[in-house]
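Analysis of the macromolecular model
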Amino acid sequence: MNPLWQQKKLREFCKEQNIHVTAYSPLGARGTFWGTNDVLGSKILQEIALVKGKTVAQICLRWVLEQGVSVVVKSFNKGRIKENIEIFDWELSSEDSQKIDQIEQKRGFPGHLFVWEEGPYKSVEELWDGEI
């Protein structure tokens, strides 16, 4: 889950079922075979970060927390680890949240690896519930 793949329908279902959601790739999983740089490259997130004097990563992590979702981040870089911790003493404004809500959504992982002729999912459309 991240600002470009907000998964609102899934989060609402989990809330109704008392299931806690954890975001494992809140920055888009750049550097992995399934990830992209689209989250960190988002113009809207960059604009919010610039105005707030924060990094795009901090904006993303703070947004996830404000959705009531826990965050799993990975870094071996001491500077980034410190940066990741510095998200608890400020908040996004309602205007920031509205801008993030308007970001065009796309799946962080298309799911093509789970589709095959003999499997339970014959197409990507069968795998997903229609929501991006």
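In what follows, the accompanying structure is described. (Residues numbered from 1 in each chain as written. Predicted model: local features only at pLDDT ≥ 70, side-chain atom pairs only at ≥ 80, totals over all residues. Heavy atoms only, no water.)

1. As for the side chain of Arg11
- Within the fold, Arg11 resides in helix 1 (residues 8–16).
- Lacking a salt bridge, the buried Arg11 has Asp101 as its closest oppositely charged neighbour, with an N-O distance of 6.1 Å.
- Setting aside chain neighbours within four positions, we find Arg11 in contact with Met1, Gln6, Val21, Trp63, Gln67 and Val69. (Helix = DSSP H or I, 4+ residues; strand = E, 2+ residues; numbered from the N terminus. Buried < 20%, exposed > 50% of the residue type's maximum accessible area, 1.4 Å probe, protein only. Lys, Arg positive; Asp, Glu negative; His and termini not counted. Salt bridge = Lys/Arg side-chain N within 4 Å of Asp/Glu carboxyl O. Contact = heavy atoms within 4.5 Å.)

2. Quick word on the packing of helix 2 (residues 43–52) against helix 5 (residues 94–101)
- As a packed pair, helix 2 and helix 5 sit with axes 10 Å apart at the nearest point and diverge in direction by 165°. In terms of orientation, helix 2 lies roughly antiparallel with respect to helix 5. Seen along the crossing, helix 2 lies across helix 5 with a hand that is left-handed. Of the residues in helix 5, those in contact with Ile44, Leu45, Ile48 and Lys52 of helix 2 are Asp96, Lys99 and Ile100.
- Partitioned by chemical class, the residues of the contact of helix 2 with helix 5 number four nonpolar, no polar and three charged. (Axes fitted to C-alpha atoms, helices over the stretch in contact; angles between N-to-C directions. Parallel < 35°, antiparallel > 145°, perpendicular 65-115°, else oblique. Left-handed = near helix turned anticlockwise from the far one by under 90°. Nonpolar A, V, L, I, M, F, W, Y, C, P; charged D, E, K, R; others polar.)

3. Structural notes on the packing of helix 2 against helix 3 (residues 56–66)
- Relative to each other, helix 2 and helix 3 sit at 100°, their axes nearing to 8 Å. The angle between helix 2 and helix 3 places the two elements in the roughly perpendicular class. The segment helix 2 lies against helix 3, with Leu45, Gln46, Ile48, Ala49 and Lys52 engaging Val56, Ile59 and Cys60.
- Considered class by class, the residues forming the contact of helix 2 with helix 3 number six nonpolar, one polar and one charged.

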